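# Structural description and commentary
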Amino acid sequence: MSEQKMTREQRRKQVQKKKQSKTPAKMWVKRILLTIVIIGVVGLIGGGSLFAFYASSAPELDETSLKDPISPKLLDANGDLFATVGAESREYVAYDDIPQQMEDAIIATEDARFYDHFGVDVLRLGKAVLANLTNGFGDQGASTITQQVIKNSFLTNEKTLKRKAQEAYLSIKLERKYQKEEIFEMYFNKVLMSGRIYGYGTAAQHFYGKDLKDLTLDQFAVLAGMSQRPNAFNPFKNPELTKDRRNVVLHLMNLHGKITEEEMKAAQAVPIEEALLPEDQRVAKQDSKYDAFIDIVLNELEANGDGGAISEGITIYTTLQPNAQQQVEKTLNSDMFPTEDIQSAVSVIDTKTGAIAAVGGGRNYGADRGFNFAQDMTTRSLGSTIKPLIDYGPAIEYLGWSTGQTITDEKITYTGTEQVVRNFDGKYKGKMTFREALYNSRNVPAVKTLQEVGTKNAAEFIDRFGIDLGNITESSAIGGTSKAMSPIQLAGAYAAFGNSGVHTEPYSINKIVYRDGKTEKNYKPKSKEVMKDSTAYMVTDVLRDVLTKGTGKRADVSGLDIAGKTGTSNYSKDDMNKWDLPSSAFPDVWFAGYTTDYSIAIWSGYPEMKTPMTTNEERNLPQNIFHEVMANISTDTANEKFKKPSSVVEATIEKGSSPLKLASEYTPDELKLTELFVKGTEPTAVSEEYEQLELNSPSNLSVDYDELASTATLSWDFEQEDLESEVQFEVAVKVDNGANELIETTKQKGLIIQSLIPGSTYMFSVTAVSDGIRSESVSVQLTLDAEVEEELDEIEPIEEEPKNPDGSNNGNENNNGNNGNNGNNGNNGNGNNNGNGNNGNGSNPGTDPGAGGASPGPGAGTEKPDDGSIVPPTEGTGGTGGTGGTGETGENDDTGTTP
């Protein structure tokens, strides 16, 4: 069968169809290529124009600026200059004196094509551009050694097109004006090495105590690697990190053919610490000031990507409070330390802002001495200072515990083990409150609290502070964490308790201002709430008790509202055996405390953990330092007290009740505790544990009145079985419906009341009292009659008999026949002492008066006392007649007259 042939018209249409389908694709390809070319041309023209514009405003090359480092200025919190970093003397090294291996190490690491490019490495730049397009602008730089000299001499560290353009322009210009060797010499002596060390020659002396010519390959590699991150690769502080960086440098030297593989491996095997200058030979510069604080500033610059900026003439506005820093240094360099080698670190944080006010990096700390204990020490156990942060704080935050929560201090083991949880005194004290457990630093209640909180919640709580303590286990409750925190971090964390739960990561820089005086970068971190204000205040209120009745009494400062916590770590059994330590040994002691103004954390111990502390003097050192520093930096500030928020309420509970109940009116006073609760969680039920003691009333109360003595005798009975406490009786009286007044409290069942006034009504009451319990009162009434003064008969005066001429006394021995006074044991009612023959009131018979004594006298016996009341006559016996004669006997009548 023959193939069907297409007509011309069919073939024409088919071809036309194919052409139509292909034409649009070809056209788009051509258009895209043309567009790229146009954009490229425009870009080149625009880029070139922009480059020319930026280059026109670039600064002029200045040889002094090229060769000398530009020192940054550090200002304190008041804006006053306190340091110019880099002003120290520098070991300047000429190019011809630079060892070849030192140059090879630097070029291999920093700029392998240094001797081939014209100031800008186009090949390296192209790679950097690709990286920046992939990962974002600024991800990777392509600076040559020439560009670094230009940047450090004239430009800022900003990652902008303008700076890059000016840097490239000036680098090309520099290469035209100076030889490569001259440019390398500029870089070699100008580069920041660490802290306040500039130039490789200075670094060789600082870290090794040697000239460059005496260093070995591994040491050249250490120095060559430092300029990338000057503080991070400080071999004194971070030997492990330095080792990794050194090995990278050695690898690059081998890669670029500068050393053999054997040389590389041999140098990589050398320990970093082997040739470093010994600690005791690292002499601090005598003109340095506030060195520990400056170390913190430099580290913060590096952490924020500005480690190299200090060689660019920046101005650093710090948080330093000079008075606080001076006090910290004065204290650390005082004679309060029990031994020569014991060390301490101090961090002082502004409670409200988190700003670092002062730092004590160690005793006799100097510039670049190495280990800054306040910041670098993150491996030593915090002991019990961790308890508020992962035990009791989370218990309030997550479980709503009150400060009166009952916890039993008893022998327990860690879950799933046979390891016993021990208290520092080796004792267990039974039931106690959350408050008592924390301020007395009991370990068992802390572990029990973490068990209730859960390790997951505890980890989440501490993570809010930005602090990594590693894996949280039950032993973490008392300081057994796999990671620790520095004194600066601890002071910052405690500050949140004093700042209503708001935490700010501690910082030492407010801002930096670049060399142009206009461009600046803010360093203040943002604050965040890490706990409820109720949690913060309740923990604070308990930690107040640490300084008044707990373990931190030595840290207390009179007049300041302070909260704080002690901490002591222990050696493991393995460490005790390995180092042959006594049972009393401990490696670390802490104290962290705060007011509304400052939060201060202090650590004390020996640099090497194997050196133990064993004495109370060592144990109390952090508290003594805290007291000294806090007392002196707080003198000029108004110490505001911690304020209880509305989210917290107080309630008086009965101690030991479970669940907690309100104390009743019968709860013994020693079991009544006023504790804090998150509002809405306070108990409403009243305890019924204790009932009212029914105390019987006294019985058979009676009163007997003695009219002659004007006294009343009260008597009563009292009976009650099974009464353990002593009973006393309160006797009170109310006179003529006046106020009831307590007369006396007595253990007896009777009382004599004296000086009663006739005409008054007395209401006596008696109440039994025992152990604060009172009975019903019983009463008895006594009414006294008023006495009326009798009218006296008018008596004529009696003439006085003349005396006998012989001097006799009328037969009555000079008293008219009565050896006494008549009728009232005084005068005879009328002032005469004659002839009544008695010395009483005439009730007994007497003798006749003698001669001259016949006239009787009145004997009414009524006399008005000074107060005008009537005193009744007192009975008495008759007197004895005088010797003048014997008279007849007679009976006296009521008036006392003798017939």
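This text goes with the structure placed above it.
Read on for an overview of the structure.

Analysis parameters
- Residues numbered from 1 in each chain as written.
- Predicted model: local features only at pLDDT ≥ 70, side-chain atom pairs only at ≥ 80, totals over all residues.
- Heavy atoms only, no water.
- Buried < 20%, exposed > 50% of the residue type's maximum accessible area, 1.4 Å probe, protein only.
- Helix = DSSP H or I, 4+ residues; strand = E, 2+ residues; numbered from the N terminus.
- Pairing = 2+ DSSP bridges.
- Salt bridge = Lys/Arg side-chain N within 4 Å of Asp/Glu carboxyl O.
- Core = buried A, V, L, I, M, F, W, Y, C linked by side-chain atoms within 4.5 Å.
- Contact = heavy atoms within 4.5 Å.
- Axes fitted to C-alpha atoms, helices over the stretch in contact; angles between N-to-C directions.
- Expected span 1.5 Å × (residues − 1).
- Phe/Tyr/Trp six-rings, centres within 6.5 Å; stacked < 30°, edge-to-face > 60°.
- Lys NZ or Arg CZ within 6 Å of the ring centre and 35° of its normal.

### Structural notes on the pairing of strand S8 (residues 406–409)
Only one face of S8 is covered, namely the face carrying Ile 407 and Asp 409; the face carrying Thr 406 and Thr 408 is uncovered. In terms of strand pairing, S8 meets strand S9 (residues 430–433) through 4 bridges, oriented antiparallel. Bridged to Thr 406 within S9 is Thr 433.

### Focus: the pattern of salt bridges
Applying the stated criterion to the full structure yields 28 salt bridges. Across the salt bridge formed by Lys 448 and Glu 410, the nearest N and O atoms sit 2.5 Å from each other. Pair noted here: Lys 448 is in helix H17 (residues 443–453) and Glu 410 is in the loop between S8 and S9, with a separation of 38 residues, a long-range link. Looking at Glu 410, the relative accessible area reads 35%, which means it is partly exposed. In this structure, a network of salt bridges that share partners links the residues Arg 435, Asp 541, Arg 544, Asp 545, Asp 561 and Glu 675.

### Remarks on the nonpolar core
Soluble, globular proteins show a tendency: their nonpolar side chains are buried together. Of all hydrophobic cores here, the largest spans 116 residues; its most connected members are Val 348, Leu 389, Phe 465 and Ile 600. A per-element tally of this core places helix H20 (residues 533–549) first, with 8 residues. Sequence-distant contacts of Leu 389, defined by excluding residues within four places in its chain, comprise Pro 394, Phe 461, Ile 462, Phe 465, Met 485, Leu 490, Ala 493, Tyr 494 and Phe 497. Listed in part, the 50 residues of the second largest apolar core include Met 102, Phe 184, Tyr 200 and Ala 267.

### Considerations on the side chain of Thr 319
Its place among the elements puts Thr 319 in the loop between strand S5 (315–318) and helix H13 (322–332). Note on Thr 319: relative accessible area 5%, which makes it buried. The residues contacting Thr 319, other than those within four sequence positions of it, are Ala 77, Phe 293, Ala 355, Ile 356, Ala 357, Tyr 507, Ser 508, Ile 509 and Asn 510.

### Let's talk about the sheet that holds strand S23 (residues 750–753)
Sheet architecture is open: 3 strands sit in the order S19-S20-S23, paired in antiparallel fashion. In this open sheet, the two edge strands, each paired with only one partner strand, are strand S19 (699–706) and S23. Here the strands of the sheet are splayed against their neighbours by 15° on average, with no regard to which way each runs. Note that strand S20 (residues 711–717) and S23 share 4 bridges and pair antiparallel. Within S23, the position partnered with Thr 713 by the bridge is Ile 752.

### Focus: helix H19 (residues 487–498)
With 12 residues, H19 should reach 16 Å at 1.5 Å per residue; the first-to-last C-alpha distance of 17 Å fits that figure. Counting buried positions along H19 gives 11 out of 12 residues, so the element sits mostly inside the fold. By the burial criterion, the buried members of H19 are Pro 487, Ile 488, Leu 490, Ala 491, Gly 492, Ala 493, Tyr 494, Ala 495, Ala 496, Phe 497 and Gly 498. Just downstream of H19 lies Ser 500, where phi reads positive at about 60°.

### Some thoughts on the sheet that holds strand S1 (residues 73–75)
Reading across from one edge, S2-S1-S5-S11-S12 is the order of the 5 strands in this open sheet, with mixed pairing throughout. Of all the strands in the sheet, the pair left with one neighbour each is strand S2 (81–84) and strand S12 (520–522). If you compare each strand with its neighbour and ignore which way they point, the axes differ by 20° on average. The pairing of S1 with S2 spans 3 bridges and is antiparallel.

### Things to note about the packing of aromatic side chains
Tallying each qualifying case throughout the model produces 22 aromatic pairs. Between Phe 82 and Tyr 290, the aromatic rings sit 5.7 Å apart at their centres with planes inclined by 45°, giving tilted as the arrangement. Highlighted residues: Phe 82 in strand S2 and Tyr 290 in the loop between helix H11 (261–268) and helix H12 (291–303), separated in sequence by 208 residues. The buried category is assigned to Tyr 290, whose relative accessible area is 6%. Ring centres 6.1 Å apart and planes at 80° place the aromatic pair Tyr 571 and Trp 579 in the edge-to-face group. Judged by relative accessible area, which is 9%, Tyr 571 ranks as buried. A connected cluster of aromatic rings, assembled from ring pairs, spans Tyr 95, Phe 114, Tyr 115, Phe 184, Tyr 187, Phe 188 and Tyr 200. Geometry around Phe 233 places Arg 229 over its ring, the cationic atom sitting 5.5 Å from the centre.

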